[in-house]
Structures are given as structure tokens and as C-alpha cells.
Amino acid sequence: MIHIAIIGAGVIGAAIAYELSLVKGLRITLIDKQVSALGSTGAALGVLMGILSRKTKGRGWKLRQTSIERYKTLISELEILTKQNIPVNHQGILMLRFAEEPIGEWENLITIRQSQGYDLEIWDQKTLNRKCPHIDNPRIIGAIYSPQDLQIDPKKLTRVLVKGASMNGVECKFGIEVKNIIYDTLKDSNLHQCYEIQTTEGNLKIDKLVIAAGLGATPLTITSSQPLDIRPVLGQALHIKLDKLPGNKDFQPVITGNDVHIVPLGNGEYWIGATVEFPDEMGEIISHPELLEKVKQQAISFCPLLQDAKVIKTWFGKRPRPQGEPAPVIRELPHYNNVLLATGHYRNGVLLAPATALAIREYWFG
Ligand SMILES: Cc1cc2nc3c(=O)[nH]c(=O)nc-3n(C[C@H](O)[C@H](O)[C@H](O)COP(=O)(O)OP(=O)(O)OC[C@H]3O[C@@H](n4cnc5c(N)ncnc54)[C@H](O)[C@@H]3O)c2cc1C
């Protein structure tokens, strides 16, 4: 049996573990130094901006399209297998339009998406007022509605992926940190082959390795000739609750405008986020409360009823952003013949997890 180790049980490692568990004849070990979904994934809002994204071709679109298509079957497949529910908002994503924005680019995108088999609608102010009466700001002139884009609970998805993988035979080792990758150099070549990983609970013999460790990918590749440079971009968000549900109770899509998302959770509860905060010149990254307040005020400016909401909690997470190459990084670790990298998904890890998992599966098993 081929033994594959996957380092990292965030949404990316969990999706890879599940997808590889569908390939016969593999022994798979999923390792995390914490439990699953406590890294960047634990902070995410799960807004899957696939059809609404401006990407229309090339790798960026291909990955999005693959994920959109895989999500159509993945959720029910996992729910049937694990008998667990994954909270998904199927009411689409509504992107607000402001006075100064030209419509031409959206019209082009709508034509392209139609040719790709997806719907997007342009709503004027009247339609927006009728369907979402809680949106109330004179600068908002309408919206683009994407009925097929989803929002999903990232932690629950990840935990159900881990459960599904484990039901399919994947061994999960949590609370164990991988310290080092041990390799041989192949005869008559400069290629390395990883045959063991060193962990806080001893060494583990393996045949293939996937590094899906998010920000942890940098220390793990530091001794390689081309280490991976993944840096954190901080994001803060908040969970609020209103006594009364604003708007139409039967139509609660995700609202997004100026990069601020209002994510309905049901019962008058919402997630609002997220800030985008880069490290300073010293590489230090500290969260700035005033930026979270700005995000909250932006949401209130779209939906004034949110002013009365009670803040239940605030949190932050660090998005893994690759330096010097586009996100995400899905490729070989240079000079190794059996190590794949699946990391650096920056702001779209939940969206791109299914496509990443399929790319890893296809790379080794066709
Ligand atoms: C506030 C916020 C909002 C976001 N909203 C969205 C959104 O709406 N939609 C979206 O698509 N994306 C969103 N993202 C981005 C998304 O969260 C990330 O792209 C995604 O979670 C990355 O997943 P990952 O599995 O690569 O990393 P992580 O979730 O960080 O997982 C990496 C795992 O590796 C483990 N690990 C690291 N090193 C080691 C080691 N040496 N040994 C063992 N284990 C190790 C860690 O413990 C961790 O569990 C958001 C992020 C933030 C912070």
C-alpha cells in the first residue's frame, strides 16, 4: 500500500484527505498539531465568491469552476456518509453597486457566465428595495445577484470532511506536530525523495507527502533549496445578533459591498467581516480594533437596522498568502519527487478546497 501523509487539517488538508480516501489501495495519515479547523479555516466566513468573481479564464477561473462543480455533489455526499449536517446558505450572494460604478464590466461578465452555464442578474434599485428592504443607503444604486454562489460553515465543513475521510479509512493524528522532512537523494540525480517525517511523537515512514499546513508550510520547507514563503494577512470579524430579523425572512442572501460581507446565520444572527491587515516592515502583525469597527460601520451603512445588534463575539485569523507567486500554491516542492504543496490560498481557501483536493488526486492518480 502506498502510504501518504498530509500535514495540516484545515479545510485544504481535510478536503485532500477526503478526496484521496476515495482512491482504492492507499494508506493515508492526516496530521495536525492542533485539532482540525483551528488555523485560518476557523476564522473564515465561508463566502464562496465563484461565479461573482471577476476571473473568467486561466487557472484562476478553472480552479473556481472546478470547486463550484464539485461542491454540487460534495455536500450531500458527505452528509449521507457521515449523517452530519453542513450549514449551507443556498440563497446566493448579492453584491451591492454604488453610484460611481460603471455597469459595462458586469454586463460583459454576465454574458461570459451565461456561456459558461451560470446565472447572474443585474438588479436596479427598485428590485433591490423590493427583495431586500433592509438595504437602505442612498449611494447604493442596485446590485448584482448571483443565485448559484454559496456560503458554507467552514469549521463544520472541515470537521465533516475529516469525519468522512476517517470513515473511509484515513488515520487522523491530531495534537502532533511535524518537525522535519527526512529524505534521501536519488542515485545519479539531484532529486530528493522524502521517506520519513519527524514528528513530536516519533518518526513516520511514508511514500508520498502533501504539505497543506497553511502558514506552517514555510518552516516545514525552510531546509529545502527553494523554501516556500507564505506570510500572514490578518482578518478580523464579528458575530452579531438582532432581536428581530431584518428584511424578508424567506430571502436572506449573503450581502457584500466594498469588500465587507454580511453573512446571515438564521435567527437574526450574522457574521460580519473581514478586515485585511498586512504585516508591518518588521513582519509583525497585530490586529487593529479600529479597523474592525470600520467594517462594522460599513455594514451598518448598508443595513441601518444592524445598529441595534448585540455583538456576541469578535475574532481574528491569519490568511496564508504566498510571496512571489500567485495564490494558491499547488505544485511540487522543487527537487523532491514525492512532495506536493497545497497551501497559500489566501482569501479563498474555503472556495478552492475541493478544486485543490482534485488537483492533488489527479497529479498522482490521474
Ligand atoms: C477572517 C477571515 C475570513 C475569511 N473568509 C473566507 C471566505 O469567506 N471564503 C474563503 O474561501 N476563504 C476565506 N478565508 C480564507 C481561508 O480561511 C483560508 O484560505 C483557508 O482557511 C486556508 O486553509 P488551510 O487549510 O490552507 O490553512 P489552515 O486552516 O491554517 O490549516 C493549516 C493547518 O496546518 C496545521 N499545521 C501547520 N503546521 C503544522 C505542522 N508543522 N505539523 C502539524 N500541523 C501543522 C495547523 O495547525 C492548521 O490546522 C478567510 C480567512 C480569514 C482569516
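Residues numbered from 1 in each chain as written. Predicted model: local features only at pLDDT ≥ 70, side-chain atom pairs only at ≥ 80, totals over all residues. Heavy atoms only, no water.

1. A look at the side chain of threonine 29
Operational definition: Every helix listed is a DSSP run of H or I at least four residues long, and every strand listed is a run of E at least two residues long, numbered separately from the N terminus. Whether a residue is buried, partly exposed or exposed follows from its accessible area with a 1.4 Å probe, protein chains only, as a fraction of its type maximum: under 20%, in between, or over 50%, in that order. In this description, contact between two residues means that some pair of their heavy atoms is separated by no more than 4.5 Å.
Inspection of the secondary structure puts threonine 29 in strand β2 (residues 26-32). The buried category is assigned to threonine 29, whose relative accessible area is 0%. When sequence neighbours within four positions are dropped, the list of residues in contact with threonine 29 reads His3, Ile4, Ala5, Ile6, Glu171, Lys173 and Leu204.

2. Digging into the site of the ligand
Where we set the bar: Residue proximity to a molecule or strand is established when one non-hydrogen atom of the residue lies within 4 Å of it. Definition of a polar contact: a pair of N or O atoms within 3.5 Å, with one able to donate and the other able to accept a hydrogen when the atoms are protein atoms, and with sequence-neighbouring residues admitted only if both atoms are side-chain atoms. Note that accessible areas follow from Shrake-Rupley with a 1.4 Å probe, and for residues the cover is restricted to the protein chains shown. Residues were grouped as follows: Ala, Val, Leu, Ile, Met, Phe, Trp, Tyr, Cys and Pro as nonpolar; Asp, Glu, Lys and Arg as charged; and all remaining residues, including Gly, as polar.
Taken together, 35 residues surround the ligand, and among them Asp32, Gln34, Thr41, Val47 and Tyr346 come closest. At 2.8 Å, a side-chain N or O of glutamine 34 approaches an oxygen atom of the ligand. At 3.0 Å, a backbone N or O of arginine 347 approaches a nitrogen atom of the ligand. When the free accessible area of the ligand is taken as 1000 Å², the share hidden by the protein chains comes to 96%. Secondary-structure elements contributing two or more residues to the shell around the ligand are α1 (11-21), β18 (310-322) and α8 (349-365). Ranked by residues supplied to the shell around the ligand, first place goes to α8 with three residues. Along the lines of polarity and charge, the residues of the shell around the ligand split into 16 nonpolar, 14 polar and five charged.

3. Notes on the domain arrangement of the chain
Applied cut-off: Where each domain starts and ends comes from a domain assignment, either automatic or drawn from a database. Buried area is understood as the total, over both parts, of accessible area removed when two parts are fitted together, assessed with a 1.4 Å probe. Salt bridge, as applied in this entry: a Lys or Arg side-chain nitrogen positioned within 4 Å of an Asp or Glu carboxyl oxygen.
When cut into domains, the chain gives domain 1 (2-86 + 153-229 + 323-365) and domain 2 (90-149 + 232-321). Here the C-alpha centroids of domain 1 and domain 2 sit 28 Å apart. Each side of the interface is counted separately: domain 1 has 29 residues, and domain 2 has 35 residues. Between domain 1 and domain 2 the total buried area reaches about 2800 Å² when both faces are included, carbon and sulfur atoms providing 63% of it. Viewed at the interface, domain 2 and domain 1 are joined by two salt bridges. The partner of arginine 54 in a salt bridge is glutamate 105, with the nearest N and O atoms 2.7 Å apart. Taken together, domain 1 and domain 2 are joined by 14 residue pairs in polar contact (both at pLDDT 80 or more). Ranked by residues supplied to the side of domain 1 that touches domain 2, first place goes to helix α2 (residues 58-82) with five residues. Across the side of domain 1 that touches domain 2, the residue classes tally to 13 nonpolar, nine polar and seven charged.

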